[in-house]
Amino acid sequence: DWREQRAVLKELRARQREDELELMGDELNPLHLAKLALERDQYATAASRWEDARERMPNFIFQSDDSLTILLGLKRYDEAEALMRAGLRRSRHDRRWLKGLALIAERRGDYSEAALRWRASQKGGMESTDAWIHEGICLRALGRSNEAEAVYNRILRVSPGDLGARIELARTSEDREDWPTSEARWRTLKEEHELAFLYAGHARALGGLGRTQEADAILEPA
């Protein structure tokens, strides 16, 4: 009768959870193998491992950030979006689902929708600056550099030393071909952090100002 059927289903679900827990502790679980295959550009293998993970680890794929990484790597955007929306139904206050939806739109190249989604994921405070950085990147891609700059300045009011926001500000002034501002921003960053791409940014700005010899002099030691 229905009581027996319910008891059987309950037991099956309990066994599945036990099997999942055992798989989660194994480094050779299908989700991890899918990620490794993707890192090696073995897309067919990654897709096969992902299907295996979906069947054998249906609960764990919601817990692991690797799931979105795998689906984006396979360009299975519709499936990724369905997974994020299912996660959102499970826990509406977990902003990771909103961030996932924003990242999917960004990877699709739908920067207008992505910017809106990144902004929606910011509600509740600045746990990290990722959502603001990505909103600015999408606005830059749309040619809305002034709006992007306002986003980065908002970050810097809260966290003045945020390296990501300062780098994006330098790139934004470069987009506008505001070479004096760009040169000053890249130079300050380069002096504080010895990273190759900062030297390259400073050199580009100097090139924009027509100071090519100085640009060469910076690139040589870098």
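Heads up: the structure comes first, above all this text.
So, a few notes on the structure that sits alongside this text. (Residues numbered from 1 in each chain as written. Predicted model: local features only at pLDDT ≥ 70, side-chain atom pairs only at ≥ 80, totals over all residues. Heavy atoms only, no water.)

**Digging into helix 7 (residues 95-108)**
And step 1. The terminal C-alpha atoms of helix 7, which comprises 14 residues, lie 20 Å apart, in line with the 20 Å expected from a rise of 1.5 Å per residue.
And step 2. Its buried side turned inward, helix 7 meets helix 4 (60-63), helix 5 (66-73), helix 6 (77-90), helix 8 (111-121) and helix 9 (130-141).
And step 3. Looking at where helix 7 begins, the residue whose side-chain oxygen comes 3.0 Å from the main-chain nitrogen of arginine 96 is aspartate 94.
And step 4. The positive-phi residue at the C-terminal boundary of helix 7 is glycine 109, with phi of around 90°. (Helix = DSSP H or I, 4+ residues; strand = E, 2+ residues; numbered from the N terminus. Expected span 1.5 Å × (residues − 1). Contact = heavy atoms within 4.5 Å. Polar contact = N/O pair within 3.5 Å; in protein donor to acceptor, adjacent residues only side chain to side chain.)

**Considerations on the environment of leucine 72**
And step 1. As for its position among the elements, leucine 72 is in helix 5.
And step 2. Through-space distance from the C-alpha of leucine 72 to that of leucine 103 is 9.0 Å; in sequence the pair is 31 residues apart.
And step 3. The residues touching leucine 72, leaving out its near neighbours within four places in the chain, are Tyr77, Leu103, Ile104 and Arg107.

**Focus: the packing of aromatic side chains**
Here the distance between the centres and the angle between the planes together describe a pair of aromatic rings.
And step 1. Applying the stated criterion across every chain, the model contains one aromatic pair.
And step 2. Note on phenylalanine 62 and tryptophan 97: the rings are 6.4 Å apart at their centroids and 70° apart in plane angle, and the pair reads as edge-to-face. Taken together, the positions of phenylalanine 62 in helix 4 and tryptophan 97 in helix 7 put the pair 35 residues apart, joining distant regions of the chain. Accessibility classification places phenylalanine 62 together with tryptophan 97 in one group, the buried group.
And step 3. Sitting over the face of the ring of tryptophan 97, arginine 96 holds its NZ or CZ atom 4.1 Å from the ring centroid. (Phe/Tyr/Trp six-rings, centres within 6.5 Å; stacked < 30°, edge-to-face > 60°. Buried < 20%, exposed > 50% of the residue type's maximum accessible area, 1.4 Å probe, protein only. Lys NZ or Arg CZ within 6 Å of the ring centre and 35° of its normal.)

**Here we look at helix 11 (residues 163-175)**
And step 1. Helix length check: helix 11, at 13 residues, gives a terminal C-alpha distance of 18 Å against a target of 18 Å (1.5 Å per residue), a fit within 8%.
And step 2. All buried positions along helix 11 are accounted for by Ala165, Arg166, Ile167, Glu168, Leu169, Ala170, Thr172, Ser173 and Glu174.
And step 3. At its buried positions, helix 11 is contacted by helix 9, helix 10 (145-158), helix 12 (179-192) and helix 13 (196-208).
And step 4. The backbone nitrogen of glycine 164 lies 3.2 Å from a side-chain oxygen of the residue at the head of helix 11, namely aspartate 162.
And step 5. Just beyond helix 11, the residue with positive phi is glutamate 177, at close to 60°.

**Side note on the pattern of salt bridges**
And step 1. In total, this model carries 23 salt bridges according to the counting rule given.
And step 2. Measuring nitrogen to oxygen at the nearest pair gives 2.9 Å for the salt bridge that ties glutamate 113 to arginine 117. Linking glutamate 113 with arginine 117, this pair stays in helix 8, spanning four residues, or about one helical turn.
And step 3. The class of glutamate 113 is partly exposed, set by a relative accessible area of 29%.
And step 4. On the basis of relative accessible area, arginine 117 is assigned to the buried category, the value being 15%.
And step 5. Glutamate 183 is the salt-bridge partner of arginine 187, the closest N and O atoms lying 2.9 Å from each other. Of this pair, arginine 187 and glutamate 183 are both found in helix 12, four residues apart, which corresponds to roughly one turn of the helix.
And step 6. With relative accessibility at 8%, the residue glutamate 183 sits in the buried group.
And step 7. Taken together, the shared-partner salt bridges connect Glu51, Arg54, Arg76 and Glu79 into one network. (Salt bridge = Lys/Arg side-chain N within 4 Å of Asp/Glu carboxyl O.)

**Re the layout of surface pockets**
And step 1. Of the voids in this model, the largest pocket is the one considered here, and its volume is about 320 Å³.
And step 2. Lining the largest pocket are 19 residues, and of these Asp65, Leu68, Arg96, Gly100 and Leu103 sit closest to its centre.
And step 3. With six residues, the single largest contributor to the lining of the largest pocket is helix 7.
And step 4. Classifying every residue of the lining of the largest pocket gives nine nonpolar, five polar and five charged. (1 Å grid on protein atoms, 1.4 Å probe; cavity = no way out; pocket = protein on both sides within 12 Å on 5 of 7 lines; lining within 4 Å. Points joined across faces, edges and corners; volume = space filled by probe spheres on them. Nonpolar A, V, L, I, M, F, W, Y, C, P; charged D, E, K, R; others polar.)

**Observations concerning the packing of helix 13 against helix 14 (residues 212-219)**
And step 1. Relative orientation of the contacting elements helix 13 and helix 14 amounts to 170°, with a least axis distance of 8 Å. As far as their axial angle goes, helix 14 and helix 13 are roughly antiparallel. Here Tyr199, Ala200, His202, Ala203, Leu206 and Gly207 of helix 13 come into contact with helix 14, specifically with Thr212, Glu214, Ala215, Ile218 and Leu219.
And step 2. Of the residues assigned to the contact of helix 13 with helix 14, the class counts are seven nonpolar, three polar and one charged. (Axes fitted to C-alpha atoms, helices over the stretch in contact; angles between N-to-C directions. Parallel < 35°, antiparallel > 145°, perpendicular 65-115°, else oblique.)

Read these as spatial facts, not as claims about activity.
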